[in-house]
Amino acid sequence: MVRMTGILADRAISELFTSGRLKSESALDADQIQPASLDLRLGSHAYRVRASFMPGPSHLVSDKLDRLKLHVVDLSHGAVLETGCVYIVPLMESLDLPEGMSASANPKSSTGRLDIFTRVITDHAQEFDKIPAGYSGPLYLEISPRTFPIVVRRGSRLSQIRFRTGQALLSEAELLTVHENDVLVASETPNISGGGIALSIDLKGTGPDGLLGYRGKHHTAVVDVDKKAEHSIFDFWEPLFSRGSDELILDPDEFYILVSREAVHVPPMYAAEMTPFDPLVGEFRVHYAGFFDPGFGHAMAGGTGSRAVLEVRSHEVPFILEHGQIVGRLIYEHMQEKPQSLYGMDLKSNYQAQGLKLSKHFRSN
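Note that the structure is a prediction, hence the values are computed from the model and not measured. (Residues numbered from 1 in each chain as written. Predicted model: local features only at pLDDT ≥ 70, side-chain atom pairs only at ≥ 80, totals over all residues. Heavy atoms only, no water.)

Undergrad: Looking at this structure, I do not really get the overall build of the chain. What am I missing?
TA: What the chain contains, in helices and strands, is 5 helices and 28 strands. Radius of gyration (C-alpha) of the chain: 20 Å, near the 21 Å computed for a compact globule of 365 residues. The principal-axis extent of the C-alpha atoms belonging to the chain is close to 55 × 50 × 40 Å. Counting every position in the chain, which comprises 365 residues, the buried fraction comes to 54%. About 15500 Å² of surface is accessible on the chain, with carbon and sulfur atoms providing 50% of the total. Charge centroids of the chain, computed over 36 positive and 46 negative side chains, lie 4 Å from each other. (Helix = DSSP H or I, 4+ residues; strand = E, 2+ residues; numbered from the N terminus. Rg over C-alpha atoms; globule rule 2.2 N^0.38 Å. Buried < 20%, exposed > 50% of the residue type's maximum accessible area, 1.4 Å probe, protein only. Areas by Shrake-Rupley, 256 points an atom, 1.4 Å probe, with all protein chains shown as cover. Lys, Arg positive; Asp, Glu negative; His and termini not counted. Charge placed at Lys NZ, Arg CZ, Asp CG, Glu CD.)

And the structure:
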(Lines give C-alpha, C1' and ligand atoms only; values in the text may rest on other atoms or scores of the structure.)
Protein backbone atom coordinates (compact mmCIF):
# COMPACT_ATOMS: atom_id res chain seq x y z
CA MET A 1 0.00 0.00 0.00
CA VAL A 2 1.29 3.45 -0.97
CA ARG A 3 0.04 6.57 0.81
CA MET A 4 -0.72 9.71 -1.19
CA THR A 5 1.28 11.79 1.30
CA GLY A 6 4.42 11.09 3.26
CA ILE A 7 8.20 10.65 3.06
CA LEU A 8 9.48 8.96 -0.10
CA ALA A 9 11.12 5.57 0.45
CA ASP A 10 14.14 4.14 -1.36
CA ARG A 11 12.17 2.73 -4.30
CA ALA A 12 10.51 6.08 -5.04
CA ILE A 13 13.83 7.95 -4.69
CA SER A 14 15.32 5.63 -7.28
CA GLU A 15 12.39 6.40 -9.58
CA LEU A 16 13.12 10.12 -9.27
CA PHE A 17 16.42 9.44 -11.01
CA THR A 18 14.77 7.26 -13.64
CA SER A 19 12.24 10.00 -14.45
CA GLY A 20 14.85 12.78 -14.52
CA ARG A 21 13.50 14.55 -11.45
CA LEU A 22 16.85 13.87 -9.78
CA LYS A 23 20.04 14.25 -11.77
CA SER A 24 23.71 13.68 -11.02
CA GLU A 25 27.05 14.35 -12.68
CA SER A 26 27.94 10.65 -12.43
CA ALA A 27 26.34 7.31 -11.61
CA LEU A 28 25.06 6.87 -8.07
CA ASP A 29 27.17 5.09 -5.47
CA ALA A 30 25.80 1.64 -4.65
CA ASP A 31 24.82 2.68 -1.10
CA GLN A 32 23.86 6.30 -1.79
CA ILE A 33 20.10 5.77 -1.51
CA GLN A 34 19.08 5.16 2.11
CA PRO A 35 15.70 3.83 3.36
CA ALA A 36 14.17 7.32 3.47
CA SER A 37 16.84 9.68 2.17
CA LEU A 38 19.55 10.26 -0.40
CA ASP A 39 23.17 11.05 0.45
CA LEU A 40 24.44 14.14 -1.39
CA ARG A 41 27.95 14.20 -2.87
CA LEU A 42 30.42 17.06 -3.07
CA GLY A 43 31.42 18.34 -6.49
CA SER A 44 34.93 19.00 -7.73
CA HIS A 45 35.61 22.38 -6.14
CA ALA A 46 34.83 24.47 -3.07
CA TYR A 47 34.56 28.23 -2.74
CA ARG A 48 36.08 29.76 0.36
CA VAL A 49 33.78 32.69 1.15
CA ARG A 50 33.95 35.68 3.46
CA ALA A 51 30.78 34.75 5.32
CA SER A 52 27.69 32.59 5.24
CA PHE A 53 24.85 34.03 3.19
CA MET A 54 21.29 33.50 2.05
CA PRO A 55 20.65 34.01 -1.70
CA GLY A 56 17.20 35.53 -1.23
CA PRO A 57 14.31 35.40 -3.70
CA SER A 58 16.02 37.55 -6.34
CA HIS A 59 19.42 35.85 -6.59
CA LEU A 60 21.16 32.69 -7.69
CA VAL A 61 23.80 31.22 -5.40
CA SER A 62 26.34 31.80 -8.18
CA ASP A 63 25.55 35.54 -8.09
CA LYS A 64 26.56 35.74 -4.42
CA LEU A 65 29.62 33.52 -4.95
CA ASP A 66 30.96 35.90 -7.59
CA ARG A 67 30.89 38.68 -5.00
CA LEU A 68 31.85 36.83 -1.80
CA LYS A 69 34.37 34.17 -2.83
CA LEU A 70 37.96 34.55 -1.62
CA HIS A 71 39.48 31.64 -3.53
CA VAL A 72 38.60 28.28 -5.09
CA VAL A 73 39.74 24.95 -3.61
CA ASP A 74 40.23 22.00 -5.96
CA LEU A 75 38.64 18.88 -4.43
CA SER A 76 39.54 16.49 -7.24
CA HIS A 77 42.27 14.76 -5.24
CA GLY A 78 41.27 15.83 -1.74
CA ALA A 79 41.81 19.07 0.15
CA VAL A 80 41.81 20.35 3.73
CA LEU A 81 38.93 22.52 4.93
CA GLU A 82 40.05 24.55 7.94
CA THR A 83 38.13 25.18 11.16
CA GLY A 84 36.46 28.55 11.47
CA CYS A 85 36.22 29.00 7.69
CA VAL A 86 33.10 28.91 5.52
CA TYR A 87 33.04 27.02 2.22
CA ILE A 88 30.35 26.65 -0.44
CA VAL A 89 30.51 23.48 -2.57
CA PRO A 90 28.33 22.80 -5.62
CA LEU A 91 26.88 19.29 -5.21
CA MET A 92 26.88 16.57 -7.83
CA GLU A 93 23.11 16.15 -7.55
CA SER A 94 20.50 18.59 -8.86
CA LEU A 95 16.69 18.65 -8.72
CA ASP A 96 13.66 19.14 -10.92
CA LEU A 97 10.93 18.46 -8.38
CA PRO A 98 7.29 18.09 -9.43
CA GLU A 99 4.71 20.46 -7.99
CA GLY A 100 3.54 19.10 -4.66
CA MET A 101 6.89 17.50 -3.77
CA SER A 102 9.26 19.31 -1.40
CA ALA A 103 12.47 18.25 0.32
CA SER A 104 14.58 18.94 3.38
CA ALA A 105 18.23 18.31 4.17
CA ASN A 106 20.32 17.55 7.23
CA PRO A 107 23.92 16.64 8.02
CA LYS A 108 24.66 12.91 8.01
CA SER A 109 25.16 11.36 11.44
CA SER A 110 28.93 11.11 10.97
CA THR A 111 29.06 14.75 9.91
CA GLY A 112 27.32 15.90 13.07
CA ARG A 113 29.56 13.76 15.27
CA LEU A 114 32.60 15.51 13.79
CA ASP A 115 31.10 18.94 14.58
CA ILE A 116 30.99 19.89 10.91
CA PHE A 117 28.32 22.53 10.39
CA THR A 118 26.60 21.97 7.04
CA ARG A 119 23.53 23.44 5.33
CA VAL A 120 22.09 22.89 1.87
CA ILE A 121 21.37 26.03 -0.18
CA THR A 122 19.26 26.42 -3.32
CA ASP A 123 18.90 29.26 -5.78
CA HIS A 124 16.44 31.92 -4.55
CA ALA A 125 16.46 30.31 -1.08
CA GLN A 126 15.05 32.11 1.93
CA GLU A 127 15.71 29.18 4.29
CA PHE A 128 18.62 26.78 4.70
CA ASP A 129 18.02 23.04 4.28
CA LYS A 130 14.50 23.61 2.89
CA ILE A 131 13.76 22.90 -0.77
CA PRO A 132 10.34 24.20 -1.82
CA ALA A 133 7.86 22.15 -3.84
CA GLY A 134 8.57 22.29 -7.55
CA TYR A 135 12.17 23.53 -7.17
CA SER A 136 14.30 23.06 -10.28
CA GLY A 137 18.00 23.82 -10.13
CA PRO A 138 21.37 23.07 -8.54
CA LEU A 139 22.15 22.29 -4.91
CA TYR A 140 25.02 23.73 -2.89
CA LEU A 141 26.41 22.80 0.51
CA GLU A 142 27.73 25.29 3.02
CA ILE A 143 30.47 23.67 5.12
CA SER A 144 32.13 25.06 8.24
CA PRO A 145 34.27 22.68 10.34
CA ARG A 146 33.97 23.73 13.98
CA THR A 147 36.32 21.51 16.00
CA PHE A 148 38.55 19.48 13.65
CA PRO A 149 40.03 20.39 10.26
CA ILE A 150 38.82 17.87 7.69
CA VAL A 151 39.89 16.33 4.39
CA VAL A 152 37.15 16.07 1.76
CA ARG A 153 37.16 15.25 -1.95
CA ARG A 154 34.84 15.04 -4.91
CA GLY A 155 32.19 12.47 -3.99
CA SER A 156 32.45 12.89 -0.20
CA ARG A 157 29.04 12.65 1.44
CA LEU A 158 28.36 15.06 4.31
CA SER A 159 24.65 15.77 3.92
CA GLN A 160 21.43 13.93 3.09
CA ILE A 161 18.07 14.90 1.65
CA ARG A 162 14.51 13.67 2.24
CA PHE A 163 11.60 14.07 -0.16
CA ARG A 164 7.95 14.41 0.87
CA THR A 165 4.55 14.94 -0.66
CA GLY A 166 1.84 16.74 1.27
CA GLN A 167 1.52 16.72 5.04
CA ALA A 168 3.43 13.83 6.60
CA LEU A 169 3.82 14.88 10.24
CA LEU A 170 2.13 12.84 12.98
CA SER A 171 -0.06 14.77 15.41
CA GLU A 172 0.50 14.41 19.15
CA ALA A 173 -2.54 12.12 19.36
CA GLU A 174 -1.18 9.94 16.55
CA LEU A 175 2.25 9.88 18.23
CA LEU A 176 0.72 8.60 21.45
CA THR A 177 -1.20 5.87 19.61
CA VAL A 178 1.90 4.71 17.73
CA HIS A 179 3.94 4.79 20.94
CA GLU A 180 1.36 2.64 22.72
CA ASN A 181 1.58 0.08 19.91
CA ASP A 182 5.27 0.18 19.03
CA VAL A 183 7.13 1.98 21.91
CA LEU A 184 8.91 4.85 20.19
CA VAL A 185 11.09 5.73 23.17
CA ALA A 186 11.80 3.49 26.14
CA SER A 187 9.85 5.50 28.69
CA GLU A 188 6.91 4.40 30.80
CA THR A 189 5.46 7.91 30.73
CA PRO A 190 6.42 9.51 27.41
CA ASN A 191 6.56 13.29 27.35
CA ILE A 192 4.65 14.20 24.17
CA SER A 193 4.23 17.91 23.52
CA GLY A 194 5.37 20.53 21.06
CA GLY A 195 4.60 18.09 18.26
CA GLY A 196 7.23 15.61 19.37
CA ILE A 197 8.28 13.04 21.95
CA ALA A 198 10.97 14.01 24.44
CA LEU A 199 14.46 12.57 24.82
CA SER A 200 16.52 13.08 27.95
CA ILE A 201 20.24 12.88 28.67
CA ASP A 202 22.08 9.94 30.26
CA LEU A 203 24.76 11.10 32.69
CA LYS A 204 25.00 7.95 34.82
CA GLY A 205 27.88 6.69 32.72
CA THR A 206 28.53 3.21 31.36
CA GLY A 207 31.10 0.48 31.96
CA PRO A 208 33.40 0.05 34.96
CA ASP A 209 34.82 3.57 34.61
CA GLY A 210 31.47 5.31 34.26
CA LEU A 211 32.16 6.74 30.79
CA LEU A 212 29.47 9.32 30.05
CA GLY A 213 30.77 11.09 26.96
CA TYR A 214 33.59 12.80 25.09
CA ARG A 215 34.79 16.35 24.64
CA GLY A 216 36.52 17.38 21.42
CA LYS A 217 40.17 18.42 21.63
CA HIS A 218 41.59 21.50 19.97
CA HIS A 219 44.58 21.85 17.60
CA THR A 220 44.34 18.29 16.32
CA ALA A 221 45.41 16.66 13.08
CA VAL A 222 42.93 16.50 10.19
CA VAL A 223 40.08 13.98 9.94
CA ASP A 224 39.57 12.33 6.57
CA VAL A 225 35.78 12.10 6.24
CA ASP A 226 35.95 9.14 3.85
CA LYS A 227 38.12 6.80 5.95
CA LYS A 228 36.76 4.50 8.65
CA ALA A 229 38.69 3.62 11.83
CA GLU A 230 41.56 5.81 10.60
CA HIS A 231 42.20 7.87 13.72
CA SER A 232 42.84 7.11 17.39
CA ILE A 233 40.09 8.34 19.70
CA PHE A 234 42.56 9.77 22.17
CA ASP A 235 44.25 12.03 19.61
CA PHE A 236 40.95 13.86 19.09
CA TRP A 237 38.75 13.27 22.13
CA GLU A 238 38.93 13.65 25.90
CA PRO A 239 36.82 10.95 27.63
CA LEU A 240 34.49 12.19 30.36
CA PHE A 241 33.66 10.03 33.37
CA SER A 242 30.91 10.09 35.97
CA ARG A 243 31.98 11.26 39.42
CA GLY A 244 28.79 10.26 41.14
CA SER A 245 26.99 13.59 40.78
CA ASP A 246 25.01 12.66 37.63
CA GLU A 247 25.63 16.07 36.12
CA LEU A 248 27.97 17.72 33.64
CA ILE A 249 28.97 21.37 33.30
CA LEU A 250 29.12 22.34 29.63
CA ASP A 251 31.87 24.87 28.95
CA PRO A 252 30.96 27.57 26.43
CA ASP A 253 31.71 26.67 22.80
CA GLU A 254 33.13 23.25 23.66
CA PHE A 255 31.82 20.26 21.70
CA TYR A 256 30.51 17.15 23.46
CA ILE A 257 29.34 13.71 22.40
CA LEU A 258 26.72 12.36 24.84
CA VAL A 259 23.89 9.83 24.64
CA SER A 260 20.16 9.74 25.32
CA ARG A 261 18.81 7.94 28.36
CA GLU A 262 16.05 6.35 26.29
CA ALA A 263 16.37 3.82 23.51
CA VAL A 264 14.79 5.08 20.28
CA HIS A 265 12.59 3.10 17.90
CA VAL A 266 11.56 4.13 14.39
CA PRO A 267 9.04 1.57 13.02
CA PRO A 268 9.29 0.68 9.31
CA MET A 269 6.36 2.87 8.20
CA TYR A 270 7.71 6.02 9.86
CA ALA A 271 10.70 8.36 9.69
CA ALA A 272 11.88 10.55 12.56
CA GLU A 273 13.89 13.72 13.02
CA MET A 274 15.36 15.52 16.00
CA THR A 275 13.72 18.93 16.20
CA PRO A 276 15.90 22.08 16.11
CA PHE A 277 17.31 23.62 19.26
CA ASP A 278 14.65 24.96 21.60
CA PRO A 279 15.87 27.91 23.72
CA LEU A 280 13.32 27.01 26.39
CA VAL A 281 15.40 23.99 27.47
CA GLY A 282 18.65 25.89 28.02
CA GLU A 283 21.48 27.71 26.30
CA PHE A 284 22.78 24.80 24.29
CA ARG A 285 22.23 23.08 20.97
CA VAL A 286 21.71 19.34 20.64
CA HIS A 287 22.10 17.06 17.64
CA TYR A 288 23.17 18.64 14.38
CA ALA A 289 22.30 15.47 12.45
CA GLY A 290 18.57 15.07 12.74
CA PHE A 291 17.39 12.19 10.51
CA PHE A 292 16.47 8.77 11.92
CA ASP A 293 15.64 6.30 9.17
CA PRO A 294 12.88 3.66 9.22
CA GLY A 295 14.19 0.61 11.07
CA PHE A 296 16.45 2.52 13.49
CA GLY A 297 16.18 0.66 16.78
CA HIS A 298 13.78 -1.87 15.21
CA ALA A 299 14.17 -5.38 16.64
CA MET A 300 13.73 -7.10 13.27
CA ALA A 301 16.60 -4.96 11.92
CA GLY A 302 18.93 -5.77 14.81
CA GLY A 303 18.46 -2.46 16.55
CA THR A 304 16.92 -3.29 19.93
CA GLY A 305 18.23 -0.79 22.49
CA SER A 306 19.53 1.80 19.99
CA ARG A 307 20.01 5.11 21.73
CA ALA A 308 20.39 8.54 20.18
CA VAL A 309 23.91 9.93 20.22
CA LEU A 310 23.73 13.65 20.93
CA GLU A 311 26.11 16.30 19.67
CA VAL A 312 26.00 19.05 22.27
CA ARG A 313 27.43 22.55 22.32
CA SER A 314 26.82 25.21 24.98
CA HIS A 315 26.46 28.85 23.96
CA GLU A 316 27.60 32.03 25.71
CA VAL A 317 27.55 30.74 29.30
CA PRO A 318 28.47 27.55 31.18
CA PHE A 319 25.42 25.31 31.56
CA ILE A 320 24.77 22.41 33.93
CA LEU A 321 23.15 19.33 32.43
CA GLU A 322 21.60 16.86 34.87
CA HIS A 323 20.81 13.20 34.33
CA GLY A 324 17.30 12.79 32.95
CA GLN A 325 17.02 16.40 31.75
CA ILE A 326 15.04 16.80 28.51
CA VAL A 327 17.40 17.87 25.73
CA GLY A 328 15.36 17.48 22.57
CA ARG A 329 12.29 16.05 20.88
CA LEU A 330 11.75 13.58 18.07
CA ILE A 331 9.08 14.27 15.51
CA TYR A 332 7.73 11.40 13.41
CA GLU A 333 6.41 11.44 9.85
CA HIS A 334 4.52 8.90 7.79
CA MET A 335 6.36 7.05 5.05
CA GLN A 336 4.54 6.74 1.73
CA GLU A 337 5.43 3.05 1.74
CA LYS A 338 7.66 0.61 3.57
CA PRO A 339 11.28 0.88 2.40
CA GLN A 340 12.74 -2.05 0.52
CA SER A 341 15.67 -2.02 2.96
CA LEU A 342 15.42 -0.92 6.59
CA TYR A 343 18.17 0.87 8.48
CA GLY A 344 20.49 -1.81 9.81
CA MET A 345 19.43 -4.56 7.40
CA ASP A 346 22.05 -5.33 4.72
CA LEU A 347 23.02 -1.66 4.59
CA LYS A 348 26.24 -1.78 6.65
CA SER A 349 24.61 0.81 8.92
CA ASN A 350 27.21 2.24 11.28
CA TYR A 351 25.03 3.16 14.24
CA GLN A 352 22.36 0.46 14.62
CA ALA A 353 22.08 -1.01 18.16
CA GLN A 354 24.36 1.79 19.38
CA GLY A 355 25.00 3.22 22.79
CA LEU A 356 27.52 5.99 23.36
CA LYS A 357 29.51 5.93 20.12
CA LEU A 358 31.82 8.29 18.26
CA SER A 359 31.72 8.55 14.49
CA LYS A 360 32.97 5.73 12.29
CA HIS A 361 36.28 7.54 11.69
CA PHE A 362 37.78 6.64 15.09
CA ARG A 363 39.30 3.51 16.61
CA SER A 364 39.85 2.87 20.32
CA ASN A 365 43.62 2.38 20.21
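Once the structure has been displayed, the description carries forward.
Undergrad: Sorry, what's going on with the nonpolar core here?
TA: As a rule of thumb, soluble globular proteins bury nonpolar side chains together. By size, the foremost hydrophobic cluster in this structure holds 49 residues, and its most contacted members are F163 and W237. Counting 32 residues, the second-largest nonpolar core is a separate cluster that includes F292, L310, V312 and L330. (Core = buried A, V, L, I, M, F, W, Y, C linked by side-chain atoms within 4.5 Å.)

Undergrad: What is the right way to look at the sheet that holds strand β22 (residues 270-274) in this model?
TA: Across a sheet, strands are paired by hydrogen bonds formed along the backbone, either parallel or antiparallel in direction. The strand order across the open sheet built from 5 strands is β14-β15-β27-β22-β24, with neighbouring strands paired in antiparallel fashion. Strand pairing shows two members of the sheet lacking a second neighbour, β14 (192-193) and β24 (291-292), which therefore form its edges. Sheet analysis places β22 next to strand β27 (residues 326-334), joined by 5 bridges and oriented antiparallel. Bridge assignment links A271 to a residue of β27, and that residue is E333. (Pairing = 2+ DSSP bridges.)

Undergrad: What exactly am I supposed to notice about the packing of aromatic side chains here?
TA: All chains considered together, the criterion is met by 8 aromatic pairs. On the basis of an interplanar angle of 85° and a centroid distance of 5.4 Å, the ring pair of F148 and F236 is categorised as edge-to-face. Of the two residues, F148 sits in the loop between β11 (136-145) and β12 (150-152) while F236 sits in helix α5 (residues 233-236), which places them 88 residues apart along the sequence. On the basis of relative accessibility, which here comes to 0%, the residue F148 falls in the buried class. Ring centres of W237 and F362 lie 5.9 Å apart, and the angle between their planes is 85°; on these two criteria the pair is classed as edge-to-face. Remark: F362 occurs in strand β28 (residues 362-363) and W237 occurs in strand β19 (residues 237-241); sequence separation between them is 125 residues. With a relative accessible area of 0%, W237 lands in the buried category. Here F362 falls in the buried class, since its relative accessible area comes to 9%. Three or more aromatic residues joined by ring pairs make a cluster, and in this case those are F148, Y214, F236, W237, F255 and F362. The residue whose ring lies beneath R119 is F128, and the NZ or CZ to ring-centre distance is 3.6 Å. (Phe/Tyr/Trp six-rings, centres within 6.5 Å; stacked < 30°, edge-to-face > 60°. Lys NZ or Arg CZ within 6 Å of the ring centre and 35° of its normal.)

Undergrad: Before we go on, may I ask you to explain the sheet that holds β12 in this structure?
TA: The strand order across the open sheet built from 3 strands is β6-β12-β17, with neighbouring strands paired in mixed fashion. Every other strand in the sheet has two partners, leaving β6 (79-81) and β17 (223-224) as the edge strands with one partner each.

Undergrad: Help me understand the pairing of strand β13 (residues 157-165) in this model?
TA: Within a regular strand, the side chains alternate between the two sheet faces. Of all 9 residues in β13, 9 are buried; the element is thus mostly enclosed. Of the strand pairs in this sheet, strand β1 (residues 6-7) and β13 are connected by 2 bridges, and their pairing is antiparallel. The partner of I7 across the bridge, within β13, is R164. Of the pairings in the sheet, the one linking strand β3 (residues 38-41) to β13 comprises 4 bridges and is antiparallel in character. Residue pairing in the sheet places L38 in a bridge with I161 of β13. When strand β8 (residues 101-107) meets β13, the two strands line up antiparallel, connected through 7 bridges. Note that in β13 the partner of A105 across the bridge is I161.

Undergrad: What is the right way to read the pattern of salt bridges from this model?
TA: Inspection of every chain in the model, using the stated rule, returns 22 salt bridges. With a shortest N-O distance of 2.1 Å, D115 and R313 are connected by a salt bridge. Residue D115 is found in the loop between α3 (109-113) and β9 (116-122), and its partner R313 is found in strand β25 (residues 307-314); the two are separated by 198 residues along the sequence. D115 sits in the buried class, given a relative accessible area of 0%. Between D224 and R153 there is a salt bridge, with the nearest N and O atoms lying 2.9 Å from each other. Of this pair, D224 sits in strand β17 while R153 sits in the loop between β12 and β13, and the two are 71 residues apart along the sequence. Through salt bridges with shared partners, a single network forms among D29, D31, D39, R41, E93, K108 and R157. (Salt bridge = Lys/Arg side-chain N within 4 Å of Asp/Glu carboxyl O.)

Undergrad: In this structure, what is going on with the environment of H361? I would like to understand it.
TA: Inspection of the secondary structure assignment puts H361 in the loop between β27 and β28. On a C-alpha basis, the gap between H361 and G166 in space is 37 Å, while along the polypeptide they are 195 residues apart. In this view, H361 contacts S110, L114, V223, D224, V225, K227, K228, A229, E230 and H231; residues no more than four positions away in its chain are not counted. At a separation of 2.8 Å, a polar atom in the side chain of H361 contacts the side chain of S359. (Contact = heavy atoms within 4.5 Å. Polar contact = N/O pair within 3.5 Å; in protein donor to acceptor, adjacent residues only side chain to side chain.)

Undergrad: When you look at unusual backbone geometry in this model, what are you seeing that I'm missing?
TA: Trans peptide bonds make up the majority, and among non-glycine residues the majority have a negative phi. In this model, D129 sits at a positive phi of 65°, which is unusual for a non-glycine residue. Take D129: it is sitting in the loop between β9 and β10 (130-131). By relative accessible area, which is 13% here, D129 ends up buried.

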